[in-house]
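Chain by chain, the residues:
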Amino acid sequence: MAGFNKVVHSYSVAMEGLKDDMTIIAGGFGLCGIPEGLIKQIQTLGTKGLTVVSNNCGVDGFGLGLLLEQKQIKKMISSYVGENALFEQQLLNGELEVELTPQGTLAEKMRAGGAGIPAFFTATGYGTPVAEGKEVREFNGRPYIMEESISGDFAIVKAWKADRYGNCVYRHTAQNFNPMAATAGKITVVEVEELVEPGELEPSQIHTPGIYVDRIIVGQFEKRIERKVLSTAQ
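It should be emphasised that the depicted structure is a prediction, and the values quoted were computed from it without experimental measurement.

Trainee: What am I meant to see in helix α4 (residues 85-92) here?
Mentor: Given 3.6 residues to a turn, an α-helix orients residues that are three or four positions apart in the same direction. Within the sequence span of α4, burial applies to L86, F87 and Q90. Across the axial projection of α4, the buried residues extend over an arc of 105 degrees, all falling on one side. Where the residues of α4 are buried, they touch α3 (65-69), β3 (73-78) and β4 (97-100). Put simply, N84 is the residue that caps the front of α4, since its side-chain oxygen is 3.0 Å from the backbone nitrogen of L86.

Following this line, the structure appears as structure tokens:
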């Protein structure tokens, strides 16, 4: 994108440049704050051999689960399988490479990648299979394992509001992983609910500065509920 205006008007332009075997970092948690339209565009493109970094992989037939259906994902780096039976099936059948990572570690991997930090030490995972093959060092008498940061070819993010310069605000729990993901892509694409003019967003409320954003598209969202739990009490 040239200049300050990051707005594009089609999903094909939004995901232009995506190729087989690339790494995609996706924001959101469960089905909250996921870039639904950008995921569907990846499905439409049929791009294969992808490594996807995301807290989970959507559900059957929705979110990143759509990419599992077409076997577009080669490897998932995530925290949990979640409500996705196909994810579990492909994992157990050896069709999908999975690198399970503690949630806080995964968030820090994205944040560190966006900050240009190649690796960091954390106590999380020490003494478990997570630590196998990783460097261990002791700080203040406590062992820590070294985790490498993550960056991607594309980061796909969902925001509540953004201006055309790319400044973004996330709503409530949609802040999970989206701010970190937005910094960690060579190309960051934001799908937004509401586009406002520059100056309308309160500067102190901006979560992702526009310097990190390459493209913005206004989307329409289904906002499906991952698991609906209703009270039977009258």
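Trainee: When you look at the pattern of salt bridges in this model, what are you seeing that I'm missing?
Mentor: A pair can form between side chains of opposite charge whenever their charged atoms are brought close. Scanning the model with the defined rule gives nine salt bridges in all. As a salt-bridge pair, K75 and E99 come within 3.2 Å of each other at their nearest N and O atoms. Here K75 is found in strand β3, whereas its partner E99 is found in strand β4, with 24 residues between them in sequence. Across the pair R111 and E108 runs a salt bridge whose closest N-O atoms are separated by 2.9 Å. On the criterion of helical spacing, the pair formed by R111 and E108 is a turn pair, its members being three residues apart in helix α5 (residues 103-115).

Trainee: Sorry, what's going on with unusual backbone geometry here?
Mentor: What you tend to see is this: most non-glycine residues have negative phi, and most peptide bonds are trans. Residue N140 is not a glycine yet carries a positive backbone phi of 50 degrees. Within the secondary structure, N140 is located in the loop between β6 (136-139) and β7 (142-148). The phi torsion at H172 lies on the positive side, around 50 degrees, for a residue other than glycine. By the element assignment, H172 lies in the loop between β9 (168-169) and α6 (178-183).

Trainee: It is not clear to me how the environment of L18 should be interpreted in this structure. Could you clarify?
Mentor: Take L18: it is sitting in the loop between α1 (11-14) and β1 (23-26). Distance from L18 to A162, taken between C-alpha atoms, is 23 Å for residues 144 residues apart in sequence. The contact partners of L18, leaving out residues within four places of it in the chain, are I24, I42, L45, T47, L50 and F154.

Trainee: Even after reading the chapter, I still don't get the state of the cysteines, so can you show me in this structure?
Mentor: Linking two cysteines covalently via their sulfur atoms produces the bond known as a disulfide. Applying the stated rule across the entire model yields zero disulfides. Free of any disulfide, C32 has its nearest cysteine sulfur in C168, 16 Å distant. By relative accessible area, C32 is classed as partly exposed at 29%.

Trainee: What is the right way to look at the packing of aromatic side chains in this model?
Mentor: The geometry of an aromatic ring pair is captured by two quantities: the separation of the ring centres and the angle between the planes. All told, the structure shown has four aromatic pairs when counted by the stated rule. Seen from their ring centres, F4 and Y165 are 5.4 Å apart, and the 45 degrees between their planes marks the pair as tilted. Taken as a pair, F4 in the segment before α1 and Y165 in the loop between β8 (152-163) and β9 lie far apart in primary sequence, 161 residues in all. When its relative accessible area of 32% is taken as the criterion, Y165 is described as partly exposed. Geometrically, the ring pair formed by F139 and Y144 is edge-to-face, given 5.5 Å between the ring centres and 80 degrees between the ring planes. Classification of F139 as partly exposed rests on a relative accessible area of 32%. A relative accessible area of 21% means that Y144 is categorised as partly exposed. An aromatic cluster is defined as three or more aromatic residues linked by ring pairs; in this entry it consists of F121, F139 and Y144. Above the face of the W160 ring, K161 is positioned so that its terminal group lies 4.7 Å from the ring centre. Sitting over the face of the ring of W160, R171 holds its NZ or CZ atom 5.8 Å from the ring centroid.

Conventions we followed
- Residues numbered from 1 in each chain as written.
- Predicted model: local features only at pLDDT ≥ 70, side-chain atom pairs only at ≥ 80, totals over all residues.
- Heavy atoms only, no water.
- Buried < 20%, exposed > 50% of the residue type's maximum accessible area, 1.4 Å probe, protein only.
- Helix = DSSP H or I, 4+ residues; strand = E, 2+ residues; numbered from the N terminus.
- Arc of directions from axis to C-beta.
- Contact = heavy atoms within 4.5 Å.
- Polar contact = N/O pair within 3.5 Å; in protein donor to acceptor, adjacent residues only side chain to side chain.
- Salt bridge = Lys/Arg side-chain N within 4 Å of Asp/Glu carboxyl O.
- Disulfide = S-S within 2.5 Å.
- Phe/Tyr/Trp six-rings, centres within 6.5 Å; stacked < 30°, edge-to-face > 60°.
- Lys NZ or Arg CZ within 6 Å of the ring centre and 35° of its normal.

Keep in mind these values describe shape, not function.
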